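Here's the letter readout for the chains.
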Amino acid sequence: MANKASQDFRDKLAGNNIAEALQMALSEAIELKIVTWVSDSDVPNSQSTIEDAAPSSIMRTRINIVDGDIETEIGSKFLSDGPYAELKDFHMQQVGEGRTIIRQNLESLKDLFGILINVARASQQQKLQGSNQPHSLPPSS
């Protein structure tokens, strides 16, 4: 899904739809979801996608940078007496890396805003300079 969003973003920039690209970037930057789950793919007719996974086999963390909320759901198989307890540390490491990704994304957005502001100012200055140029009358016949 993130790959498609990145390609859509690039397509909008290539099509000079900067406002739409920026809106897309902001909507994607607001929330980060980190999911760790265990698939029982060796068992016939068992879960094969995250949508099919039992809640006990999933750990999810959602970080919302606008509200400052962090929500973590830990399935029972990841608790200290569960068969996947060692994966809890892995998931929390991913959450830590997610925070770093968010900081980097925010810096990138800040840089993008700066570029857009400079482009808008340059465009405005060109318009103002163009309107101050003397207009010559067409030659009389």
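Residues numbered from 1 in each chain as written. Predicted model: local features only at pLDDT ≥ 70, side-chain atom pairs only at ≥ 80, totals over all residues. Heavy atoms only, no water.

S.K.: Which parts of the structure should I look at to understand the nonpolar core?
M.R.: Across soluble globular proteins, you tend to see nonpolar side chains buried next to one another. Within the largest apolar cluster, 5 residues are counted, these being Leu32, Ile34, Ile63, Val95 and Ile102. Ignoring any residue separated from it by four or fewer positions in sequence, one finds isoleucine 102 in contact with Leu32, Ile63 and Ile65. (Core = buried A, V, L, I, M, F, W, Y, C linked by side-chain atoms within 4.5 Å. Buried < 20%, exposed > 50% of the residue type's maximum accessible area, 1.4 Å probe, protein only. Contact = heavy atoms within 4.5 Å.)

S.K.: Looking at this model, I keep getting lost on the side chain of threonine 61. Mind explaining?
M.R.: Summarising the element assignment, threonine 61 is placed in strand S2 (residues 58-64). Of note is the side chain of threonine 61, whose polar atom sits 3.1 Å from the side chain of threonine 72. When sequence neighbours within four positions are dropped, the list of residues in contact with threonine 61 reads Leu32, Lys33, Ile34, Ile70, Glu71, Thr72, His91 and Val95. (Helix = DSSP H or I, 4+ residues; strand = E, 2+ residues; numbered from the N terminus. Polar contact = N/O pair within 3.5 Å; in protein donor to acceptor, adjacent residues only side chain to side chain.)

S.K.: Sorry, what's going on with the pairing of S2 here?
M.R.: Regular strands show a simple pattern: their side chains alternate between the two faces of the sheet. Most of S2 sits inside the fold, with 6 of its 7 residues counted as buried. Summarising the sheet, strand S1 (residues 31-37) and S2 pair through 7 bridges and their orientation is antiparallel. Considered in S2, the bridge of leucine 32 is made with isoleucine 63. Bridge analysis of S2 against strand S3 (residues 69-74) gives 6 bridges, and the strand direction is antiparallel. Each bridged residue has a counterpart across the sheet, and for isoleucine 63 the counterpart in S3 is isoleucine 70. Linkage of S2 to S3, two consecutive antiparallel strands, is achieved through a turn of 4 residues, within which glycine 68 is found at a positive phi near 80°. (Pairing = 2+ DSSP bridges.)

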